[in-house]
Every structure is written in C-alpha cells, then in structure tokens.
Amino acid sequence: MNIEQPGRKHLTGAAETTELLRCEYRMITWTVTQKQRLRELNAPLNLQNAAFSSNKERDGDFREQEIMLVKMGKERLNLLRGRGRRPVLCELESELVKALIDAGFVQVVTPIIISKGSLDRMSVTEDTPFYKQVYWVSGNQCLRPMLAPNLYSLLNQLNRLWEKPIRIFEVGPCFRKDSEGSAHLSEFTMLNLVELGLSEEKCPQRLEELAGLVMKAAGIDDYSLVPDRCDVYGKTIDIVAGMEVASGVTGPHRLDTRWGIFDPWVGFGFGLERLCLVREGYQNIKRVGRSLKYLDGVRLNI
Ligand code: ATP
Ligand code: MG
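How each quantity is defined
- Residues numbered from 1 in each chain as written.
- Chains lettered and ligands numbered in written order.
- Predicted model: local features only at pLDDT ≥ 70, side-chain atom pairs only at ≥ 80, totals over all residues.
- Heavy atoms only, no water.
- Helix = DSSP H or I, 4+ residues; strand = E, 2+ residues; numbered from the N terminus.
- Rg over C-alpha atoms; globule rule 2.2 N^0.38 Å.
- Contact = heavy atoms within 4.5 Å.
- Lys, Arg positive; Asp, Glu negative; His and termini not counted.
- Charge placed at Lys NZ, Arg CZ, Asp CG, Glu CD.
- Pairing = 2+ DSSP bridges.
- Axes fitted to C-alpha atoms, helices over the stretch in contact; angles between N-to-C directions.
- Parallel < 35°, antiparallel > 145°, perpendicular 65-115°, else oblique.
- Left-handed = near helix turned anticlockwise from the far one by under 90°.
- Nonpolar A, V, L, I, M, F, W, Y, C, P; charged D, E, K, R; others polar.
- Salt bridge = Lys/Arg side-chain N within 4 Å of Asp/Glu carboxyl O.
- Buried < 20%, exposed > 50% of the residue type's maximum accessible area, 1.4 Å probe, protein only.

Caption draft 1: View of the overall build of the protein chain. The secondary structure content of the protein chain amounts to nine helices and 14 strands. In summary, the protein chain has a C-alpha radius of gyration of 24 Å against a globular reference of 19 Å for 302 residues, an excess of more than 25%. Taking contacts inside the protein chain between residues at least 6 apart in sequence as the whole, the part at least 24 apart equals 63%. Seen as two clouds, the 41 positive and the 39 negative side-chain charges of the protein chain have centres 5 Å apart.

Take a look at the structure:
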C-alpha cells in the first residue's frame, strides 16, 4: 500500500510504516488555553501549530516558550521607556507624514464629528449598506467613517486660493461598525491623500507613483495594485499586500460636481493599522490599534 498525502512524497514499505508511526506518535497539540496564550504572546505560526509525542513534552515546551515570549514582550515594551521609541502606529504615522510633506503635500486637520448632509453628498444614504456602518452621535451628526467629505469640502475652498495642482492629506481616526475580525477595527486610522488639478491622462501613472511613495515610506515593497469596486466610488484601485491596505480612486468622478470640483484628481485612502499589521507580520489588527490590552503590539497581561 502506498500513502498519497498532499505535500508528502510517495512512500513504500518500511519507509511508509515509519512515517505512519511518526505521524501518529506526534499527534498531541497545544491545549486550547496554551494556544490562546501563544497567540496573545505573538508566537510565530509554526510554533502555534507544533505537535508533540506526549503531554509531558508539550507542557515542558510550553513553559519554555512562554518564558521566552514574555521576555521578548518585556524587552519590546522597555524600548518605549526613554529610548525614543514610540508605538508602531505613531512611528508609521510620522514616517508617512514626513514623506508626504517632502513630496509637496499639505497636511490638514478636520473635524471627527461630521454632518449627515456631508454623508448624503457622498451618496451614503439610508438605503446603502455603508450607512448601516455609521456611528451616530445625534440625529444629524456622526463619527466620520471616512475622510473624503471633509477633504472634498477643503478642496472646494483651496481651489479658489491656490494654484493647481493642490495636494493635501489628512491622517486621523475613522469609525465603522465593521464585521469584527482580524483585519477590521471599529475605530481605525485613515490616511487620505488627494492631488487635484493634474491632466486626466496622467492620473493612472500618478496613482501608481503615489502608491509607491507611501508603500516605500511604510517599508513594504511586496504589494500589487488590483482593480476593485466599492459602494461609494464604484471603481477603485486597491493596494494589496497580503490584504487590502488602501483603495485609490481617480476623478473626475460623478460625486465631484456636488462639491464644486471639476478638475481631474487622484486619491488614496490607506488604513494605517493594516500597514502596521503587514509591516510587523502580526496576525491580528487589534495588536496595533487603539487598545487597553496591547501597547506597541505587546499584550500587557505578561
Ligand atoms: P474592507 O473591504 O477591507 O473592509 P474597505 O474597502 O471597506 O475595506 P475603504 O473604504 O477602501 O475600506 O478604506 C480605505 C482603507 O482603510 C482600507 O483599504 C483599509 O486599509 C482601511 N480600513 C477600512 N475599514 C477598516 C476597518 N474597519 N479597520 C481597519 N482598517 C480599515
Ligand atoms: Mg477599499
């Protein structure tokens, strides 16, 4: 009899028996509590999936690994004390802000509480799925789920005051009732940049350049640009680095005239926690978001 298993070579005779025995022999895995603890301590995946030949071997290994992972966590936390290090989300934000300012973008800071009217103008109305993700603070005001309405509004005014191209960006909190999971937070940090007033035929190339600029500053070179769709804008160009980290759009867009915008533009919305997740190789976004349980990616119950 031969054994055919994915990823295994074809085995015969004695080799087959030895392999079978070896597999059966190492079938003991972590207990649920041990696995949960290893996840919290950011153990690498191969360690989380390890198998053992006896409970004694497993429990001994667990104690050793836990001590080592706790030590690593404490060392990382100590880097925050008097050594000039800040949590990865803050470090990344500073790096991206610097890169964009060096590239001629102007940073803007706009309100976190926005009006229902501004969402209406983005076509986010009661009948849309996106509307159901919005946190309302009163009948007419909500926590912004995106930065675009505020940036549209500023562009409309700066358009009168500045020569084109106009390049602005904002970094700040956004809020969405999103499906809980390893890539979604209900409060996250968006970086939205927009360049208005370039020629229409240059838009696709400029979008690529801006993707390159931000991804380089974020220290992530393994990514691709992938066409996608979203409810608000229709066609998007996403930046995918294992997961979507940003969505880009080019205008003129059908929403523009509602905001008094008539020139071509390009823009990207990046999720900073997603960029941190990819850069640090973490498995769960909660590790890098605003948190009372984690600090700079380290679980505090160590
Ligand atoms: P997804 O399809 O992954 O839910 P999205 O397409 O709805 O994301 P966009 O509206 O394109 O998100 O927002 C721009 C970026 O903001 C996303 O590419 C992502 O990096 C980030 N982002 C969006 N929603 C969340 C969230 N709930 N938690 C963390 N980051 C988010
Ligand atoms: Mg998107």
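Caption draft 2: Quick peek at the sheet that holds strand 7 (residues 166-175). Taken together, seven strands build an open sheet; the order of strands is 3-7-8-12-11-10-9 and the sheet is mixed. In the strand order of this sheet, the two ends are held by strand 3 (106-107) and strand 9 (224-230), each with one partner. Summarising the sheet, strand 10 (residues 234-240) and strand 11 (residues 244-251) pair through four bridges and their orientation is antiparallel. Residue I237 lies in a different strand from strand 11, and its bridge partner there is G248. On top of the sheet, helix 5 (residues 88-102) reaches strand 3, strand 7 and strand 8 (187-196); it is set at about 165 degrees to strand 7, its chief contact. Those strands touched by helix 7 (residues 148-161) are strand 7, strand 8 and strand 12 (265-271), and its axis lies near 155 degrees from that of strand 7.

Caption draft 3: Here's a closer look at the packing of helix 5 against helix 8 (residues 203-218). Following both chains from N to C, one finds helix 5 and helix 8 inclined at 140 degrees, their axes separated by 9 Å at the closest point. Between helix 5 and helix 8, the interaxial angle falls into the category oblique. Relative to helix 8, helix 5 is oriented so that their crossing is right-handed. Together, L92, E95, L96, A99 and L100 of helix 5 and L213, V214, A217 and A218 of helix 8 make up the contact between the two elements. When the residues that make up the contact of helix 5 with helix 8 are grouped by side-chain class, the tally is eight nonpolar, no polar and one charged.

Caption draft 4: Structural context of the pattern of salt bridges. Counting across every chain of the model gives 16 salt bridges. The salt bridge partner of E280 is R76, with a shortest N-O separation of 3.2 Å. Here the residue E280 occupies a position in helix 9 (residues 272-280), and R76 occupies one in helix 4 (residues 55-78), the gap between them amounting to 204 residues. R279 is the salt-bridge partner of E95, the closest N and O atoms lying 2.8 Å from each other. Placement of E95 in helix 5 and of R279 in helix 9 is noted, with a sequence separation of 184 residues between them. The class for E95 is partly exposed, based on a relative accessible area of 31%. Counted as one network, the salt bridges with shared partners bring together R37, E40, E66 and R299.

Caption draft 5: Highlighting the environment of M72. Relative to the elements of secondary structure, M72 occurs in helix 4. When the C-alpha positions of M72 and K164 are compared, they lie 50 Å apart, and in sequence the two are 92 residues distant.

It is worth stressing that arrangement in space is one thing and function is another; only the former is reported here.
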